[in-house]
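Per-entry structural report
Spelled out, the chains give:
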Amino acid sequence: YRGADMDVTEQYVAKKALQESEEHLRSLMQSASGFAIYRLAYDKIAQHSLRVVLVSPSMKDILGIPDPTKFETWFENVHPDDKERIIKANLKAFGTNEFNEVMKINHPDKKENRWIHSIAKGILSKYGELQYVNGIIIDITERKRVEEVLVAKEKELESKTNKLEEINV
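Presented here is an overview of the structure given in this document. Position numbers for residues count from 1 along each chain, tracking the sequence in the order it is written. Given that the model is predicted, a residue must reach a pLDDT of at least 70 before its local features are reported, and side-chain atom pairs must reach 80 or more before they are shown or counted; all residues, however, enter totals for whole chains, interfaces and linings. Neither water nor hydrogens contribute to the side-chain values; these are computed over all heavy atoms in the structure.

Some details on the sheet that holds strand β2 (residues 49–55)
Hydrogen bonding along the main chain pairs the strands of a sheet, whether they run parallel or antiparallel. In this analysis, strands are considered paired if DSSP registers two or more bridges between them. The numbering of helices and of strands both runs from the N terminus, where a helix is a DSSP run of H or I of at least 4 residues and a strand a run of E of at least 2. On the basis of which strands lie adjacent, the open sheet formed by 5 strands has the order β2-β1-β5-β4-β3 and antiparallel pairing. In this open sheet, the two strands that pair with only one neighbour each are β2 and β3 (98–107). Adjacent strand axes in the sheet meet at a mean angle of 30°, parallel and antiparallel pairs treated alike. Looking at chain direction, strand β1 (residues 35–43) and β2 are connected through 6 bridges and run antiparallel. For Ala 41, the partnering residue across the bridge sits in β2 and is Arg 51. In the packing of helix α3 (residues 80–96) onto the sheet, contacts are made with β1, β2, β3, β4 (112–124) and β5 (130–139), and the angle to β3 comes to roughly 155°. Here the axes come from fitting lines to C-alpha atoms, over the contacting stretch only for helices, and the angles between their N-to-C directions go from 0 to 180 degrees. By definition, residues are in contact when any of their heavy atoms lie within 4.5 Å.

Written out as structure tokens, the structure is:
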């Protein structure tokens, strides 16, 4: 008989660790609610073009888009008041490798305006070239609504204070 033995323990342990890591990522992606995480790949040929590598399914609900794997649709519902600013911020992000913007969107399914906060960071290759963009989009609509109520209450208080000062005078 002839044979050879090979210790495959390291390969087995590495494979198990990779599977566990993938399960963690899958769990995070699937359970996202009120936020969505994503990774985009930079296309060197089509300048300023990004392709979705992975995205939380919750992106569909947050942005009101039918297919979150199509990056070009992510900003279709940006409110007209914010559209020009967001386009400029997107273009600027290709130079700074950072994007951090709050914007209003017209949510087609919920038939209302919603607020989102988008934060992204460019990941560079070892040669210093943009390779990926990792990011998160958070639905901050409730926070914005509370802020609007607080501003209204503040104005009301200011008005009452002014009236009281007039009465006192």
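Quick notes on the side chain of Ser 58
Within the secondary structure layout, Ser 58 lies in helix α2 (residues 58–63). Any residue under 20% of the maximum accessible area for its type is buried, any over 50% is exposed, and the rest in between are partly exposed; the area is computed with a 1.4 Å probe on protein chains only. A residue is classified by how much of its surface remains accessible, and Ser 58, at 11% relative accessible area, is buried. Setting aside chain neighbours within four positions, we find Ser 58 in contact with Ala 32, Phe 35 and Ala 36.

Details of the packing of aromatic side chains
Any pair of Phe, Tyr and Trp rings, taking the six-membered ring for Trp, is counted once the centres come within 6.5 Å. Such a pair is stacked with planes under 30 degrees apart, edge-to-face with planes over 60 apart, and tilted for the rest. The tally for this structure, following the rule as stated, stands at 5 aromatic pairs. A centroid spacing of 4.9 Å and a plane angle of 75° characterise the contact between Tyr 38 and Trp 74, whose relative ring orientation is edge-to-face. On the criterion of sequence distance, the pair formed by Tyr 38 in strand β1 and Trp 74 in the loop between α2 and α3 is long-range, its members being 36 residues apart. Taking the centre distance of 6.4 Å and the plane angle of 70° together, the rings of Phe 75 and Phe 99 count as edge-to-face. Residue Phe 75 is found in the loop between α2 and α3, and its partner Phe 99 is found in strand β3; the two are separated by 24 residues along the sequence. For Phe 99, a relative accessible area of 6% gives the class buried. In this analysis the charged atom, NZ for Lys or CZ for Arg, is taken to sit over a ring once it is within 6 Å of the ring centre and within 35 degrees of the ring normal. Arg 39 extends its terminal NZ or CZ atom over the ring of Tyr 132, reaching a point 4.1 Å from the ring centre. Lying over the aromatic face of Trp 115, Lys 144 brings its terminal NZ or CZ to 4.6 Å of the ring centre.

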